[in-house]
Amino acid sequence: MAQHDAALPPTERRNPRTENLEELSTEELLRRLHDEDHRAVSAVDAVLPDLAVVVDRAAERFRRGGDVHYFGAGTSGRLGVLDASELLPTFNLPPGRVVGHIAGGPRALQEAVEDAEDSFDDGAAAVAELGADDVVIGLTASGSTPYVGGALATARDRGLATVLISSNPEAPLRAHADHHLCLDTGPEAITGSTRLKAGTAQKLVLNAFSTALMVAVGRTWSNLMVSMVATNAKLRERTVRILREATGLEEPAARRTLAQAEGDLKTALLMALSSLDADQSARLLHEHDGSVRDALRADEKPATLREQGRT
């Protein structure tokens, strides 16, 4: 029978629901694992109200030029790097706006660098040059990783916005965070293997956070990826489909509009939704940080006001 040590983080305790795994058939084993996966989804549901506050705060700082920085070790660090790296192709986000930091550096992405997570100083050093509007998000299932602690403590001391995402309600590092998103996933199917439920829950939260942030700052239109860059024939055809979905244009008109916009999907979209030409659309998008929504709202105001920069 599982013995629970209350001094251990929940993710390090033995799970009574998954004992004797070797006695199960392969399908039974998979179903037992999947049953545990459902607990990860439920854990995310519980933090959504707090996550909404974090997104809104991050979006406010992001609009002012602040960046988002994830800090983690092992699985948590890899998930942060993965989420940050996927925003460039999906939302055409410039490098450096959302950054993943992993204890042990790039080598730790492919192999375990177990002692790297113990360096408080490395986490602190990585935060030292960040800007006042930056957001620091610590990722650690146990809520106690020293590398993450160094990043959060230093960021908090400097007045940066800080967030801890853990699977421990009593996470020691919560004292260094403005917001603690506790994903209460409980003991893992394989004791201590936080690449399972805790990692799944972290991945879901990071997906939700970064996607909601990109929507908030205008890098989508409805549920369409209008910020994507068409770098090959496949993606160029996708821009035609997206423009047609967003505007109702027939294919020939969509292709003409994209050609006039020199292939820039957002410019073409604003042209199709307004009376602006390509140059006017591109300029208005630049003035509104690439947000089609904000540019379209500005176009509805008197041109004289817009030209004076008072919109």
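Structure report, in brief. (Residues numbered from 1 in each chain as written. Predicted model: local features only at pLDDT ≥ 70, side-chain atom pairs only at ≥ 80, totals over all residues. Heavy atoms only, no water.)

1. With respect to helix 2 (residues 74-91)
In an α-helix there are 3.6 residues to a turn, and that puts residues three or four apart on one side. In a regular helix each residue adds 1.5 Å, so 18 residues correspond to 26 Å; helix 2 covers 26 Å between its end C-alpha atoms and thus fits that length. What helix 2 keeps buried is the set Ser-76, Gly-77, Leu-79, Gly-80, Val-81, Asp-83, Ala-84, Leu-87 and Phe-91. Its buried side turned inward, helix 2 meets strand 1 (68-72), strand 2 (98-102), strand 3 (135-139) and helix 5 (197-216). Taken from the residues just after helix 2, Asn-92 is the one with a positive phi, measuring 50 degrees. (Helix = DSSP H or I, 4+ residues; strand = E, 2+ residues; numbered from the N terminus. Expected span 1.5 Å × (residues − 1). Buried < 20%, exposed > 50% of the residue type's maximum accessible area, 1.4 Å probe, protein only. Contact = heavy atoms within 4.5 Å.)

2. Topic: the sheet that holds strand 1
Spatial ordering of the open sheet is given by 2-1-3-4-5, a layout of 5 strands whose pairing is parallel. Both outer strands of the open sheet, strand 2 and strand 5 (179-182), are each paired with one neighbouring strand and no more. Averaged over neighbouring strand pairs, the angle between their axes works out to 20 degrees when direction is ignored. Helix 2 contacts strand 1, strand 2 and strand 3 of the sheet and is inclined by roughly 155 degrees relative to strand 2. (Pairing = 2+ DSSP bridges. Axes fitted to C-alpha atoms, helices over the stretch in contact; angles between N-to-C directions.)

3. Quick look at the layout of surface pockets
By volume, the largest pocket is sized at about 350 Å³. Around the largest pocket, the lining comprises 24 residues; the ones closest to its centre are Ala-73, Gly-74, Thr-75, Glu-117 and Thr-194. Where the lining of the largest pocket is concerned, the elements lending two or more residues are helix 2 and helix 5. With 4 residues, helix 2 is the single largest residue contributor to the lining of the largest pocket. In terms of residue class, the lining of the largest pocket is built from 9 nonpolar, 11 polar and 4 charged. Here the second largest pocket is characterised by a volume of approximately 260 Å³. Taken together, 14 residues make up the lining of the second largest pocket; nearest its centre are Phe-62, Arg-63, Val-217, His-288 and Asp-289. At the level of elements, helix 1 (26-63) and helix 10 (292-299) are the ones that each hand at least two residues to the lining of the second largest pocket. Of the residues that constitute the lining of the second largest pocket, the class distribution is 4 nonpolar, 3 polar and 7 charged. (1 Å grid on protein atoms, 1.4 Å probe; cavity = no way out; pocket = protein on both sides within 12 Å on 5 of 7 lines; lining within 4 Å. Points joined across faces, edges and corners; volume = space filled by probe spheres on them. Nonpolar A, V, L, I, M, F, W, Y, C, P; charged D, E, K, R; others polar.)

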